[in-house]
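# Coordinate inspection notes
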Amino acid sequence: MSISLSSYRRIVIKLGSSLLVDNNTGLKVSWLQSLLDDVVNLKQTGCDVLIVSSGAIALGRTVLKLPKGVLKLEEYQAAAATGQIVLASTFSSNLATRGVHSGQILLTYGDTEERRRYLNARATIGTLLEFDAIPIINENDTVATSEIRYGDNDRLAARVATMMSADLLILLSDIDGLYTAPPLQNPAAQLIENVREITPEIQAMAGDVGTELSRGGMITKISAARIASDNGTAMIITSGTRLNPLRALDEGVPNTMFHANGTPRSARKKWISGQLNTKGAIAIDDGAITALKNGKSLLPAGVVNLNGDFSRGDMVSITDKYGNELGQGVIAFDTENCKKIIGKRSTDIAKILGYAGRSEMIHRDDMILKDPSRPDNENA
Ligand code: GLU
């Protein structure tokens, strides 16, 4: 089925190690260049593109001429350090010659799973996109240890996609998609083109088709699909082994599409409304109530009072000045800083706090209101 990539707003593309690295000759530069041609074309249609690139360990092993087989943890980490620097510089220089900036982001598990670090990672990647640069992301394999790492970039890419509210995640792999049975062992296996729900049958089809160079087989891809679709992100698995693999998707090469449940925005609103524990409450004036009902963000100027002890990123309840609950949302400042800026204009925040934080106290996408008349109140 042909996929019109330019109809998506924000796409995360995950590249498997075996596409990027030949374990005898190293980086597959002409393949990478054909991919980057496609990426730049896609970007020119107005779509944000993020790349999650594997290949650091595989490339490092080749550069350092390490033996095949299992290595010690510190040897994997040294290989990742060596491979990553080559990988990043290759992306950077090849995008620069195409007139596009890039930025390297190395994440550990805690950066996507701990609220505070998640917010920081999201803000940095979001700012790179605002600067029109392409984030090149990998797990920080040089410091991540086995207990606290993803270990596979399929799930990492899915978390990045949901963190950044991408509407599509593409896993470029060495297999066309999900088959009814592992195709190498079973010639009658059929490709499944559309998955609308990840049922136990779908899960059972995963088998394990990982290759020597990559860690993620079909099992981690199904886990990635679950993370993505639950958060409103569609996901495609397709083979990237041909040149210009994104153009090929437009042209209709085989793939499996895992459809999203709702949109990233509706999934986020659902998540917010499902959070039962609030860490505090902020009371707002009538003007702010009207603004919120019209779909605006909550600014410090509209807040009249607050209580509780919360950190940036915590869930707080939003009330009127009499304490009647109106809704809840994710607060952008901690209690101490909130106290300093309530009632103040957003333009004064930097002067008061000594740094330029967000101008909203709760962003419109980070709140739900109980009042169903609010235009974007999808899940309240
Ligand atoms: N982060 C690993 C690397 O860059 C790859 C993990 C994977 O293959 O999914 O080498």
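Rules behind the numbers
Residues numbered from 1 in each chain as written. Predicted model: local features only at pLDDT ≥ 70, side-chain atom pairs only at ≥ 80, totals over all residues. Heavy atoms only, no water. Helix = DSSP H or I, 4+ residues; strand = E, 2+ residues; numbered from the N terminus. Buried < 20%, exposed > 50% of the residue type's maximum accessible area, 1.4 Å probe, protein only. Contact = heavy atoms within 4.5 Å. Pairing = 2+ DSSP bridges. 1 Å grid on protein atoms, 1.4 Å probe; cavity = no way out; pocket = protein on both sides within 12 Å on 5 of 7 lines; lining within 4 Å. Points joined across faces, edges and corners; volume = space filled by probe spheres on them. Nonpolar A, V, L, I, M, F, W, Y, C, P; charged D, E, K, R; others polar.

On to the side chain of Asn-337. Among the secondary structure elements, Asn-337 is positioned in helix α13 (residues 335-341). Using a relative accessible area of 14% as the deciding quantity, one classes Asn-337 as buried. Apart from residues no more than four positions distant in its own chain, Asn-337 is found in contact with Leu-353 and Tyr-355.

Unlike most non-glycine residues, Asp-132 shows phi in positive territory, near 70 degrees. Summarising the element assignment, Asp-132 is placed in the loop between α6 (115-130) and β6 (134-139). Owing to a relative accessible area of 48%, Asp-132 belongs among the partly exposed residues under this scheme.

Another point: the pairing of strand β14 (residues 325-330). In the case of a regular strand, side chains alternate between the two sheet surfaces. One ladder, built from five bridges, connects strand β13 (residues 315-319) with β14; its direction is antiparallel. Each residue of the ladder has a partner; that of Met-315, found in β14, is Val-330. In sequence, β13 turns back onto β14 through a hairpin of five residues, with Gly-323 there showing a positive phi of about 90 degrees.

A word on the layout of surface pockets. Put simply, the largest pocket is a space of about 1000 Å³. In this structure, the largest pocket is lined by 32 residues; those nearest its centre are Leu-119, Arg-122, Ala-123, Arg-358 and Asp-366. When residues of the lining of the largest pocket are traced back to their parent elements, those giving at least two are α6 and α11 (264-274). Of all the elements, α6 adds the most residues to the lining of the largest pocket, at eight residues. Among the residues making up the lining of the largest pocket, the classes are represented as 13 nonpolar, seven polar and twelve charged.

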